[in-house]
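Examining the three-dimensional arrangement
Below, each chain spelled out in residue letters.
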Amino acid sequence: MSEAEQNGPGAPGAGTPDDAAFEELLRGLRVRHGGELPVFDPHQAPDAPLPLFRRWLREAAGSDEPTPHTMMLATAGADGRPSQRTVMLHGADARGWHFGTHRTSRKGRELAEHPYASLAFHWPRTGRQVRIGGRVQEAGAEESAADLRGRSPAALAAALAGAGRQSEVLGSYEELERALEAAYERAEREPDATAPTWTLYVLEPDEVEFYQEEARRRHVRLRYRRAPEEPGGWRRELLWP
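Structural notes, computed from the coordinates. In this text the structure is predicted, and so the values were computed from the model without any measurement.

**Some points on the layout of surface pockets**
To find leftover empty space, a probe the size of one water molecule is rolled over the atoms. Here the largest pocket is characterised by a volume of approximately 540 Å³. Lining the largest pocket are 26 residues, and of these A158, A161, G162, Q166 and S167 sit closest to its centre. Only β2 (82-88), β4 (97-102), α6 (153-162) and α7 (173-189) provide two or more residues apiece to the lining of the largest pocket. For the lining of the largest pocket, a count of residues per class yields 12 nonpolar, 9 polar and 5 charged. Here the second largest pocket is characterised by a volume of approximately 200 Å³. Around the second largest pocket, the lining residues are L29, R30, V31, H33, Y211, E213, E214, A215, R217 and H219.

In structure tokens form, the structure reads like this:
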């Protein structure tokens, strides 16, 4: 009798032919880049992380990365359970990294309960990642309204449709279609329409890590940590990959 037969289909160590095929698929996958990877010399990195981040994002955009401004946002509520989703970067300046969402959504509620978050960018074509962590604050009603006005008509319509409902249970797909159709019509009539719950958030980083892949796996990890006594207010550290 085989180990799988002894353990049963739901026991640890049990497997099905589809499990084996899926694992074989995973083992056969390889990381693909857009060509020769860039060389990153951490000793030439600036004193603060923002200039380096902007340079890397520009280079990701120049490498034909499909959506270089998308990022993973991880939050946690009062219970400490994490959740994550993909959102768009709306800005990065001396205050921090900006993103928008409805404050009534799951991420908005979690940020109200626990105002800390982590962002992660992944740019496969250049073999780079950036991870950013810190405290999150609301930018304010005026900036939030301006952020919404600066979005595309489709993004405005989506924000209008999701106001007060994002992350809530949807009764039917037809309900979503009706809401979006009404929102698109309103966005055309009122390009300056506002969604009261739409909020621009700013993550003020206390840690930023840059990761550059290398063909022989001599990857470079450079971490910036807040240190007011250091030049630029940051301490730079190399990490084992």
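**Some thoughts on the packing of α6 against α7**
Their axes nearest at 8 Å, the elements α6 and α7 cross at an angle of 125°. Looking at the two axes, α6 sits oblique to α7. Where α6 crosses over α7, the two elements pack in a sense that is right-handed. In this structure, α6 uses P153, A154, L156, A157, A158, L160 and A161 to contact α7, whose residues at the interface are A179, L180, A183, Y184, R186 and A187. Of the residues in the contact of α6 with α7, the class split is 12 nonpolar, no polar and 1 charged.

**Re the nonpolar core**
As a rule of thumb, soluble globular proteins bury nonpolar side chains together. Counting residues in hydrophobic clusters, the biggest one holds 31 residues, and the most contacted among them are F53, W97, F121 and V130. Counting residues per element, the ones that place at least two in this core are α3 (49-62), β1 (70-76), β4, β5 (116-123), β6 (128-138), β7 (198-212) and β8 (220-226). Of the residues forming this core, the biggest block, 6 residues, is contributed by α3. In contact with W97, other than residues within four places in its own chain, are L50, F53, L89, G91, A92, L119, F121, I132, Y201, V202, L203 and P205. Grouped together as the second largest cluster of nonpolar side chains are 12 residues, L156, L160, A161 and A187 included.

**Topic: the side chain of E213**
Within the fold, E213 resides in the loop between β7 and β8. Buried charge E213 goes without a salt bridge, the closest partner of opposite sign being R217 at 7.2 Å. Looking at E213, its side chain comes within polar contact range of the side chain of H33, at 2.8 Å. When neighbours within four sequence positions are excluded, E213 is seen to be in contact with V31, H33, L37, H122, G127 and H219.

The rules we used
Residues numbered from 1 in each chain as written. Predicted model: local features only at pLDDT ≥ 70, side-chain atom pairs only at ≥ 80, totals over all residues. Heavy atoms only, no water. 1 Å grid on protein atoms, 1.4 Å probe; cavity = no way out; pocket = protein on both sides within 12 Å on 5 of 7 lines; lining within 4 Å. Points joined across faces, edges and corners; volume = space filled by probe spheres on them. Helix = DSSP H or I, 4+ residues; strand = E, 2+ residues; numbered from the N terminus. Nonpolar A, V, L, I, M, F, W, Y, C, P; charged D, E, K, R; others polar. Axes fitted to C-alpha atoms, helices over the stretch in contact; angles between N-to-C directions. Parallel < 35°, antiparallel > 145°, perpendicular 65-115°, else oblique. Left-handed = near helix turned anticlockwise from the far one by under 90°. Contact = heavy atoms within 4.5 Å. Core = buried A, V, L, I, M, F, W, Y, C linked by side-chain atoms within 4.5 Å. Buried < 20%, exposed > 50% of the residue type's maximum accessible area, 1.4 Å probe, protein only. Lys, Arg positive; Asp, Glu negative; His and termini not counted. Salt bridge = Lys/Arg side-chain N within 4 Å of Asp/Glu carboxyl O. Polar contact = N/O pair within 3.5 Å; in protein donor to acceptor, adjacent residues only side chain to side chain.

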